[in-house]
Amino acid sequence: MIEKTIFYNPIKNCAVKGKGEDWAGLPKSKSLFFTQAGCGLPIGNLTSQLFGNIYLNEFDHYAKRKLKIKYYGRYVDDMVFVHRDKEYLKSIIPQIRNYLKKNLALSLHEKKIYLQHNSRGVDFLGTIIKPHRIYIKNRTKGNFYRLIKHWNKVLEENKNELAKNEKKQFLAGMNSYLGIMSHYDTAKLRQKMLGCLSVYFWNYFYNEKGFLKKRSRQHYDQSIDKA
């Protein structure tokens, strides 16, 4: 099964959905249509994250044992290093780069290395981590607001009606952000953001324990009766 998953080529005989303009601005590095032969897995595959964590396990031991980084964390290819000495952190960057290239045939992204003081918190996985609280980044909130704005526009253009595939896409996108934000103290923020949705969305969906669910006909009729 693993061999079939790794060597499966998802771009063959695939069905491309959506509009051409949806691809505008997408970096080639984010598309399997431009990867080198034998490289790349669909990012939606659970195996992508799983294999990423297994593949870099060797590097985790290197960071803890060889570089002696006590406060180190990683999720797939996102890493965080916390140390009292800024110069030491700067000195290990070439060591990390050389280790990844030599042992795992990987390279560091030159534009995604950040050094900042602990008073500003640790920027990791769309959040800012501080000693007593974890904040959602403004960028994450902004992306969520843009998603809501996009779907409000889609609903308006469709005269307040959604097709079956649109309902599925809407739920996937909205619940993805709601799921991320549910791990942090964002109850009021999530309520505020959902309040920005067009009122017509509630003809199709309802909120249950912080996540959106599709209304069944029975659920919809019961809501009308209560109203």
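Each remark here, short or long, concerns the structure printed above.
First things first, this report covers the structure right here in the doc. Note that the structure is a prediction, hence the values are computed from the model and not measured.

What to know about the overall build of the chain
Argument step 1. Looking only at helices and strands, the chain has eight helices and seven strands in total.
Argument step 2. The C-alpha atoms of the chain give a radius of gyration of 22 Å, which is well past the 17 Å a tight globule of 227 residues would have.
Argument step 3. Seen along its three principal axes, the alpha-carbon backbone of the chain occupies a region of about 65 × 50 × 30 Å.
Argument step 4. Once local pairs closer than 6 in sequence are excluded, the contacts in the chain between residues at least 24 apart make up 45%.
Argument step 5. Carbon and sulfur atoms provide 54% of the accessible area of the chain, an area that totals close to 17400 Å².
Argument step 6. Side-chain charges of the chain comprise 42 positive and 19 negative groups, with the mean position of each set lying 4 Å from the other.

Re the pairing of strand β1 (residues 71–75)
Argument step 1. Relative to strand β2 (residues 78–82), β1 runs antiparallel, the two being bridged by five bridges. The residue of β2 that forms the bridge with Gly73 is Val80.

Describing the packing of helix α5 (residues 138–157) against helix α7 (residues 187–194)
Argument step 1. At a minimum axis separation of 10 Å, α5 and α7 run at an interaxial angle of 25°. With respect to their mutual orientation, α5 and α7 come out roughly parallel. Between α5 and α7 lies a crossing of right-handed hand. Residues Lys141, Phe144, Tyr145 and Ile148 of α5 form the contact with α7, whose participating residues are Leu189, Lys192 and Met193.
Argument step 2. Residue composition of the contact of α5 with α7, by class: five nonpolar, no polar and two charged.

Regarding the packing of aromatic side chains
What characterises a pair of aromatic rings is the spacing of the ring centres plus the angle enclosed by the ring planes.
Argument step 1. One pass over the structure, following the stated rule, counts 10 aromatic pairs.
Argument step 2. Consider the rings of Phe170 and Phe201, whose centres lie 4.5 Å apart with planes at 10°: the pair is stacked. Of this pair, Phe170 sits in helix α6 (residues 164–181) while Phe201 sits in the loop between α7 and β6 (205–208); the two residues are 31 residues apart in sequence, bridging distant segments of the chain.
Argument step 3. Geometrically, the ring pair formed by Tyr204 and Phe205 is tilted, given 6.3 Å between the ring centres and 50° between the ring planes.

A word on the sheet that holds strand β3 (residues 122–124)
The pairing of strands in a sheet happens through backbone hydrogen bonds and is either parallel or antiparallel.
Argument step 1. The three strands lie next to each other as β3-β4-β5, forming an open sheet whose pairing is antiparallel. For this open sheet the edge positions go to β3 and β5 (133–136), each flanked by a neighbour on one side alone. Sheet twist, expressed as the average angle between the axes of neighbouring strands with direction ignored, equals 25°.
Argument step 2. Bridge count for strand β4 (residues 127–130) against β5 is four bridges, and the pairing is antiparallel. Note on β5: the bridge partner recorded for Ile128 is Tyr135.

Details of the pattern of salt bridges
Argument step 1. This structure, assessed with the given rule, holds six salt bridges.
Argument step 2. Measuring nitrogen to oxygen at the nearest pair gives 3.7 Å for the salt bridge that ties Glu87 to Lys90. Separated by three residues within a single helix, Glu87 and Lys90 lie in helix α4 (residues 86–104), roughly one turn from each other.
Argument step 3. Judged by relative accessible area, which is 39%, Lys90 ranks as partly exposed.

Considering α6
The α-helix advances 3.6 residues per turn, and as a result positions three or four apart in sequence lie on the same side.
Argument step 1. For α6, built from 18 residues, the straight-helix expectation of 26 Å at 1.5 Å per residue is met to within 8% by its first-to-last C-alpha distance of 26 Å.
Argument step 2. Taken together, the buried positions of α6 are occupied by Glu166, Lys167, Phe170, Leu171, Gly173, Met174, Asn175, Tyr177, Leu178, Gly179 and Met181.
Argument step 3. As for α6, its buried residues are in contact with β5, α5, α7, β6 and β7 (211–214).

Some details on a nonpolar patch on the surface
Argument step 1. Residues Val16, Trp23, Leu26, Phe33 and Phe34 make up a contiguous nonpolar surface patch of about 500 Å² in total accessible area.
Argument step 2. Residue position: Leu26 is located in the loop between α1 (2–7) and α2 (46–55).

Examining the nonpolar core
Soluble globular proteins tend to bury their nonpolar side chains together.
Argument step 1. Phe144, Leu162, Phe170, Met174, Leu197, Phe201 and Leu212 are the most contacted members of the largest nonpolar core, which totals 21 residues.
Argument step 2. Counting only elements with at least two residues in this core, the list comes to α5, α6 and α7.
Argument step 3. The next biggest cluster of nonpolar side chains, apart from the first, holds 13 residues, and it includes Ile69, Tyr72, Ile92 and Ile96.

Thresholds, definitions, all that
- Residues numbered from 1 in each chain as written.
- Predicted model: local features only at pLDDT ≥ 70, side-chain atom pairs only at ≥ 80, totals over all residues.
- Heavy atoms only, no water.
- Helix = DSSP H or I, 4+ residues; strand = E, 2+ residues; numbered from the N terminus.
- Rg over C-alpha atoms; globule rule 2.2 N^0.38 Å.
- Contact = heavy atoms within 4.5 Å.
- Areas by Shrake-Rupley, 256 points an atom, 1.4 Å probe, with all protein chains shown as cover.
- Lys, Arg positive; Asp, Glu negative; His and termini not counted.
- Charge placed at Lys NZ, Arg CZ, Asp CG, Glu CD.
- Pairing = 2+ DSSP bridges.
- Axes fitted to C-alpha atoms, helices over the stretch in contact; angles between N-to-C directions.
- Parallel < 35°, antiparallel > 145°, perpendicular 65-115°, else oblique.
- Left-handed = near helix turned anticlockwise from the far one by under 90°.
- Nonpolar A, V, L, I, M, F, W, Y, C, P; charged D, E, K, R; others polar.
- Phe/Tyr/Trp six-rings, centres within 6.5 Å; stacked < 30°, edge-to-face > 60°.
- Salt bridge = Lys/Arg side-chain N within 4 Å of Asp/Glu carboxyl O.
- Buried < 20%, exposed > 50% of the residue type's maximum accessible area, 1.4 Å probe, protein only.
- Expected span 1.5 Å × (residues − 1).
- Patch = residues over 30% accessible without salt bridge, like charges linked within 9 Å, V, L, I, M, F, W, Y side chains within 5 Å.
- Core = buried A, V, L, I, M, F, W, Y, C linked by side-chain atoms within 4.5 Å.

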